[in-house]
Amino acid sequence: MDDRIFALDIGTRSVTGIILEKEETKFKVIDYYTKEHTERSMRDGQIHNVVAVSDIIREVKEKLEHTHGSLHKVCVAAAGRALKTTQATSTIELNQQPIVEEETIKHLELSAVQAAQIKLAQEEQTEDYHNYYCVGYSILHYQIDEERIGSLIDQSGEKASVEIIATFLPKIVVESLLAALGRAALEMDALTLEPIAAIHVLVPESMRRLNVALVDIGAGTSDIAITNAGTVAAYGMVPVAGDEITEAISDAYLLDFPLAEQTKRDIVNDGEAMVADILGFETTITYDALVGEIRSKVEYLASKVAEEILLLNANPPKAVMLVGGGSLTPEITKILADKLRLPENRVAVRGIDAIQNLVSSEALPKGPDFVTPIGIAIAAKQNPVHYVTVNVNKQKVRMFEMKQLTVGDALIQAGLDIQKMYGRPGSAVMVTVNGKEITIPGQFGQAPQLSVNGIKTTVEQSILNNDNVEVEKGEDGSPALITLEELIGDLPSKVIYFNNQPIKRYANYFVNGKKQVKAYVVKDRDNIVFENETTVKDFLPYVDKEGSLQINSFSVYVNDEEVKLPIGETRIFVNNNQANDDKVLHNNDQLTIEPASTPLVSDLFTVLGKKAVNTTAVYFNGQYIELEQSCYSIKRDGETVRPETELNNLDYLSMKAKEIEPFIFQDIFRYIDIDISKVSGDFKLYINDMPASFDAEIQHGDQLRITW
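Here the structure is a predicted model, which is why all the values come from computation and not from measurement.

## Comments concerning the sheet that holds strand S46 (residues 703-707)
- Judged by pairing direction, the sheet is mixed, and its 5 strands sit side by side in the order S40-S39-S46-S44-S45 without closing on themselves. Both outer strands of the open sheet, strand S40 (623-630) and strand S45 (690-692), are each paired with one neighbouring strand and no more. Adjacent strand axes in the sheet meet at a mean angle of 35° when their direction is disregarded.
- Bridge count for strand S39 (residues 613-620) against S40 is 8 bridges, and the pairing is antiparallel. Counted as the bridge partner of Thr615 is Glu628 from S40.

Structure, rendered in structure tokens:
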């Protein structure tokens, strides 16, 4: 038996034993035997009744031993449906300091995996999360301040986070498997995972750069494995499979479950089947009739598989391979392709004929349901899963070598809180900037220092059996260290043209009342003031050393609200527009100071930003005339004042908006000298050469005339 491999596929419904013989680089099936469980001793890939399962294993073993001699060692697989998948998030505070090293991101990812491990233990109501071994994880997305982003490198914000999906194998699954084998007088020769086994024989490493999903549709569950970028990137499982379809057939045709299962197989193989229901009536069921009856259940199965694939892969894969007995479910390939929005030829059932290094023989079983048993035999021998023991800070840690193990895997399994292994952030500095309190965070704490066998390394470094991993807490970050220029920025200078003369104005930093240079290092509790705006009031002392320019306040009350007007010896103009002394000056502004007269009512309109009069222009007998109409009625002590009226300080004015009425022909006589009473004979009025009356409305640009 030296060149022969004995493998067992211990499934939900049955146990299949298979013997392969190695011929140079290829394998040949010598014999196989399948025995169904007599009771529900297997659930969700885990052995619930070790004694019952071991009895079935012993029967399969003895059946094959009868022909091929004594069997002592066996290759087995932990069921893919035993894998537990969960999502988790990890977050670190950035305080506007960007992440500059990939190692920091890796530590953040491992913290998320560790959070997933703890979350899974809580969901399974156990406190010992060390009983779950991580067999792989994928990044779902990164975030900066809760906004998704492609990469965290050199991104600033308050906090950064990563969300991952991780897959774990419960330790009890392997332990119960070992117990069942032991009772059947078998020794575990090699261990693999069922999804790895199927992938190993159908998708060789040279093809794993392709994004392909393999789905093993069994009786109770559908196991999923996904390849991408040269590796098996993710695993998953949905608790829906072939039994759902069998139950639908049983319900539709009143058949007991075993007969419904056999009917399903007969119709798939032969196109139709004649069956007798529980009442004794015989019925011939065609393939098309069967498809119609089970359509909703097939849709449900395909939907669940598609949802899990999209969760694990984020996007539809390039192709999907189906194996297992349930992959022969009618129309499953078409419906699954539709759910994943793939062409129909990108979803296909793969049988043992797709295994490249398998020699054809008479004993070769047919169909996709034997891909996994053959895969277990080949994969377990070529790529067995080993126990690896490493020391993490002198603590022994045992792991399953489902993939190439790294320092990061050892940290997770050792239960080290990766976040706490970082150095503490440096002390912050509290300052006040222009009246606003600001906290300046200290520098990041350093990442933990890692070494393997005394050589410094990273979390991605591969590890081997008996390696010694040392983890030292990272150094604490430095206290906040920042200059005025780094905190505020380099304040720009401005050129203001004062009475046409250019004057350069420099902004200044002040700390605790004293002028400071921009290289000053900020200290805790500093009170910082910087001039980020220059108003006319700020600027005038630089050009009026003697104080000869006075800008006195002048106020009136309009409808009981105070309105300040510019008055005194000067009037202010910025870029030829009259302005107040709180007007902000910008680079290259033109500032002019001129003597001013007493404010007028028209000045009040300027300050309030209101329109004093409504105007229009017409032509009368060819003469251009502008007509005005007051927009507001302004009274002082009950008497109406006009725009040219001078104001007194602290005047009380009432202002009321007038109803704007249209101009009429008659309004023109306020602007021309014609005494109609002295004109003899008849006269006629025209607007744009059309007869009109004195109360006719006129519009801007109209041509008006009178004829006698």
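So, next bit.
## Digging into the side chain of Ser111
- When you line up the elements, Ser111 lands in helix H2 (residues 102-123).
- Take Ser111: its relative accessible area is 8%, and that puts it in the buried class.

## Focus: the packing of aromatic side chains
- This model, assessed by the stated rule, comprises 6 aromatic pairs.
- Relative to Tyr652, the ring of Tyr557 has its centre 4.8 Å away and its plane inclined at 10°; by these criteria the two rings are stacked. Here the residue Tyr557 occupies a position in strand S33 (residues 551-558), and Tyr652 occupies one in strand S43 (residues 652-657), the gap between them amounting to 95 residues.
- Cluster of aromatic residues (ring-pair linked, three or more members): Phe665, Phe669 and Phe694.
- Its guanidinium or amino end placed over the ring of Tyr686, Arg705 lies 4.3 Å from that ring's centre, counting from NZ or CZ.

## Comments concerning the packing of helix H7 (residues 287-313) against helix H8 (residues 332-339)
- Interaxial distance between H7 and H8 falls to 9 Å at its minimum, and their mutual angle equals 50°. Judged by the inter-axis angle, H7 sits oblique to H8. Both H7 and H8 take part in a crossing whose hand is right-handed. In this structure, H7 uses Arg295, Val298, Glu299, Leu301, Ala302, Ser303, Val305 and Ala306 to contact H8, whose residues at the interface are Ile332, Ile335, Leu336 and Lys339.

## Topic: the nonpolar core
- Among the nonpolar cores identified, the biggest contains 62 residues, and Leu8, Leu20, Ile57, Leu202 and Ile374 are the most heavily contacted of them.
- Residues in contact with Leu202, not counting those within four places in the same chain, are Met207, Leu214, Met321, Val323, Arg350, Gly351, Ala354, Ile355 and Val371.
- One finds Ala88, Val113, Tyr142 and Leu416 within the second-largest nonpolar core, a separate group that totals 42 residues.

## What about the sheet that holds strand S12 (residues 212-217)?
- Spatially, S14-S13-S12-S17-S18 is the arrangement adopted by the 5 strands of the open sheet, whose pairing is mixed. The open sheet has two edge strands with one neighbour each: strand S14 (231-238) and strand S18 (347-349). Recorded for the sheet is a direction-independent mean angle of 20° between the axes of neighbouring strands.
- Sheet topology note: the S12/strand S17 (residues 319-323) ladder contains 5 bridges and is parallel. Within S17, the position partnered with Val215 by the bridge is Leu322.
- Relative to the sheet, helix H4 (residues 194-202) contacts S12, strand S13 (222-228), S14 and S17, its axis offset from that of S13 by approximately 50°.
- Its contacts with the sheet put H8 on S12, S17 and S18, and the angle it makes with S18 is roughly 155°.

## Quick look at the packing of helix H5 (residues 242-253) against helix H6 (residues 257-270)
- Running from N to C, H5 and H6 cross one another at 105°; their axes reach a closest spacing of 8 Å. When the axes of H5 and H6 are compared, the pair comes out roughly perpendicular. Contacts between H5 and H6 involve Gly242, Asp243, Ile245, Thr246, Glu247, Ile249 and Ser250 on the former and, on the latter, Phe257, Ala260, Glu261 and Lys264.
- Broken down by class, the residue content of the contact of H5 with H6 amounts to 4 nonpolar, 3 polar and 4 charged.

## Details of the environment of Asn466
- With respect to the element layout, Asn466 can be found in the loop between strand S25 (455-457) and strand S26 (468-472).
- Along the sequence, Asn466 and Gly69 sit 397 residues apart, while their C-alpha atoms lie 38 Å from each other.
- For Asn466, the residues in contact, after removing those within four places along its chain, are Thr389 and Val390.

## Details of the pairing of S12
- Counting buried residues in S12 gives 6 out of 6 residues, a clear majority hidden from the surface.
- Side chains of S12 alternate between two faces, with Val212, Leu214 and Asp216 and Ala213, Val215 and Ile217 buried alike.
- Looking at chain direction, S12 and S13 are connected through 6 bridges and run antiparallel. Bridge assignment links Ile217 to a residue of S13, and that residue is Ser222.
- The hairpin turn running from S12 into S13, its antiparallel successor, is 4 residues long.

## Let's talk about H7
- A rise of 1.5 Å per residue sets the reference length of H7, with its 27 residues, at 39 Å; its end C-alpha atoms lie only 34 Å apart and thus fall more than 12% short of the reference.
- Where H7 bends most, at Ile294, the angle is about 60°.
- Looking at the residues trailing H7, positive phi occurs at Ala314, about 75°.

## What to know about the pattern of salt bridges
- Summed over the entire model, instances satisfying the criterion amount to 17 salt bridges.
- Measuring nitrogen to oxygen at the nearest pair gives 3.8 Å for the salt bridge that ties Glu21 to Arg4. Taken together, the residues Glu21 in strand S2 (residues 14-23) and Arg4 in strand S1 (residues 4-10) connect sequence positions 17 residues apart.
- Judged by relative accessible area, which is 22%, Glu21 ranks as partly exposed.
- In this structure, Glu644 engages Arg642 in a salt bridge whose closest nitrogen and oxygen atoms are separated by 3.1 Å.
- A relative accessible area of 52% places Arg642 in the exposed class.
- Bridged by salt links that share partners, the residues Lys106, Glu109 and Glu460 form one connected network.

Parameters at a glance
Residues numbered from 1 in each chain as written. Predicted model: local features only at pLDDT ≥ 70, side-chain atom pairs only at ≥ 80, totals over all residues. Heavy atoms only, no water. Pairing = 2+ DSSP bridges. Helix = DSSP H or I, 4+ residues; strand = E, 2+ residues; numbered from the N terminus. Axes fitted to C-alpha atoms, helices over the stretch in contact; angles between N-to-C directions. Buried < 20%, exposed > 50% of the residue type's maximum accessible area, 1.4 Å probe, protein only. Phe/Tyr/Trp six-rings, centres within 6.5 Å; stacked < 30°, edge-to-face > 60°. Lys NZ or Arg CZ within 6 Å of the ring centre and 35° of its normal. Parallel < 35°, antiparallel > 145°, perpendicular 65-115°, else oblique. Left-handed = near helix turned anticlockwise from the far one by under 90°. Contact = heavy atoms within 4.5 Å. Core = buried A, V, L, I, M, F, W, Y, C linked by side-chain atoms within 4.5 Å. Nonpolar A, V, L, I, M, F, W, Y, C, P; charged D, E, K, R; others polar. Expected span 1.5 Å × (residues − 1). Bend = angle between axes of the 7 residues up to and from the residue. Salt bridge = Lys/Arg side-chain N within 4 Å of Asp/Glu carboxyl O.

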